[in-house]
Amino acid sequence: MADVQPNSEQPEPRHTHDADHEIESLAEFDRAAASGSLAGRRIQSLDLTDRTFALLSTDTAESVFLGCAMEPAAAAKVRAGGALVFPPLPDLPFDPYRGSLYGPDELFEGLSRAGYEATPDARTYHWYQQTRTDGDVFASMLRSIHDDAVSDALDEHLAGARVVGLMGGHAVERGSAAYAGTARLGRLLTRDGLTVATGGGPGAMEAANLGAYAAPFEDTMLDAALELLAKAPHFTPSLTDWAQVAFEVRRCWPGGHSSVGIPTWFYGHEPPNAFASHIAKYFVNAVREDGLLARCHAGVVYLPGAAGTVQEIFDHATPNYYASRGGPTPMVLVNREHWTEMLPAWPLLQALATDRAMAGRIALVDSVDEVPDALARLASETAS
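Since the structure is predicted, the reported quantities are computational estimates derived from the model, not experimental observations.

**Focus on the sheet that holds strand S2 (residues 42-44)**
No. 1: One open sheet accounts for four strands, arranged S1-S2-S3-S4; its pairing is parallel. The open sheet is flanked by strand S1 (22-23) and strand S4 (84-86), the only strands paired with a single partner.
No. 2: Sheet topology note: the strand S3 (residues 64-66)/S4 ladder contains three bridges and is parallel. Looking across to S4, one finds that Leu66 is bridged to Phe86.

Written as structure tokens, this is what we have:
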């Protein structure tokens, strides 16, 4: 991973699991084993080949080992002791039992050596394309286990965070005013203490994650980064060039702020962006869409987009309408002309909100500059 960016470490979860029954790091394993019992624990995706003595001497009754490498003697012992063991699957381009979110360095590993097609992200997409229609129940099970593990890791990471979603089209190009405005908005919301979450892809999504990344730096950093990124405005014709410029920005300004990207291999033509520090990438788009919107308790901002963004607006509006997730959460649509004339989602959203609690949680604004005030106003409505 060092060929992509220095200090390329896996993103750490926001919380550990010492008081929990999930074990997702060797440090957690060692603490639990030292107590003399792993009984009932769930141990995820750890290399335990150097922990044979601990496994042989520790109670593992009713524990579950998910994708953990073990010496044969240790594996036989834990099975005999009442554990359920799901062995690692080394030929897969992804780990279905993972205990943490992805980072951009992991998904883009090998980018500078062999181009995007050699990365784990591309290889996982090709595996998905090969297995999604072949009717193999084992492949379906692996996809489901993976997506559930990612959801679990996402909840752990976001626990206690005030999450705001920024949704928008993938076609917004680097170098455009729309891209720059979205980046400034992502920076401002991050500086206000919010955790920015996006669909994790290119265009407006990347711009929002870039803005969050830029939050700790002087304002001039974002201007310089935007100029650098404009060298590769779109992920076509060369996805490799598009991604490499993003990692160049990260090398020039290491240590940016964290944010979340939630993309999907369902849209394989859309790569993840390199500015989301924590990436929850899914196979099933419906799980990804619903999960992204459900976690944005501080509200969702809808920038101009096409079919995908329209879908997200009404995926959000439905639970707001029925109050199926509790009180409705704020919805801010940006660009009056776009949402009233080009794609008139706003009139329909207003009609749905009539005489419902969600009526005080929706807003239409002309520009990104109005978004923070709109979110604050809608949040005060929610609090009252």
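Moving on from the coordinates now.
**Quick notes on the sheet that holds strand S8 (residues 278-279)**
Sheet strands pair via backbone hydrogen bonds, and the direction of the pair is either parallel or antiparallel.
No. 1: Overall, parallel pairing links the seven strands, which are arranged S8-S7-S6-S5-S9-S10-S11 in an open sheet. Here the strands that pair on one side only, and so sit at the sheet edges, are S8 and strand S11 (362-365).
No. 2: Along the sheet face, helix H15 (residues 345-353) touches strand S10 (331-334) and S11 and points at about 155° away from the line of S11.

**Structural notes on the pairing of strand S6 (residues 195-198)**
No. 1: Going residue by residue along S6, you find Thr195 and Ala197 tucked away on one face and Val196 and Thr198 tucked away on the opposite face as well.
No. 2: In this structure, strand S5 (residues 163-167) lies alongside S6, joined through three bridges in parallel fashion. Residue pairing in the sheet places Val163 in a bridge with Thr195 of S6.
No. 3: Read from S5 through helix H8 (residues 177-191) to S6, the crossover connection turns out right-handed.
No. 4: The pairing of S6 with strand S7 (residues 260-261) spans two bridges and is parallel. Each residue of the ladder has a partner; that of Thr198, found in S7, is Gly261.

**Looking at the packing of aromatic side chains**
No. 1: What the rule picks out here adds up to 14 aromatic pairs.
No. 2: By the ring-pair criterion, three or more aromatic residues cluster together here, those being Phe94, Tyr102, Trp127, Tyr128, Trp265 and Phe283.
No. 3: Lying over the aromatic face of Tyr102, Arg98 brings its terminal NZ or CZ to 3.7 Å of the ring centre.
No. 4: Here the basic side chain of Arg356 rests over the ring of Tyr321, its NZ or CZ set 3.9 Å away from the ring centre.

**What to know about helix H1 (residues 26-34)**
No. 1: All buried positions along H1 are accounted for by Glu28, Phe29, Ala32 and Ala33. Angularly, the buried residues of H1 cover 130° about the axis, an arc narrow enough to put them on a single face.
No. 2: Buried-residue contacts for H1 involve S1, S2 and helix H2 (52-57).
No. 3: A positive backbone phi angle near 95° is found at Gly36, which sits one or two residues after H1.

Cut-off values and rules
Residues numbered from 1 in each chain as written. Predicted model: local features only at pLDDT ≥ 70, side-chain atom pairs only at ≥ 80, totals over all residues. Heavy atoms only, no water. Pairing = 2+ DSSP bridges. Helix = DSSP H or I, 4+ residues; strand = E, 2+ residues; numbered from the N terminus. Contact = heavy atoms within 4.5 Å. Axes fitted to C-alpha atoms, helices over the stretch in contact; angles between N-to-C directions. Buried < 20%, exposed > 50% of the residue type's maximum accessible area, 1.4 Å probe, protein only. Right-handed = clockwise from strand over helix to strand, strands pointing away. Phe/Tyr/Trp six-rings, centres within 6.5 Å; stacked < 30°, edge-to-face > 60°. Lys NZ or Arg CZ within 6 Å of the ring centre and 35° of its normal. Arc of directions from axis to C-beta.

Purely spatial values, then, with no claim about function.
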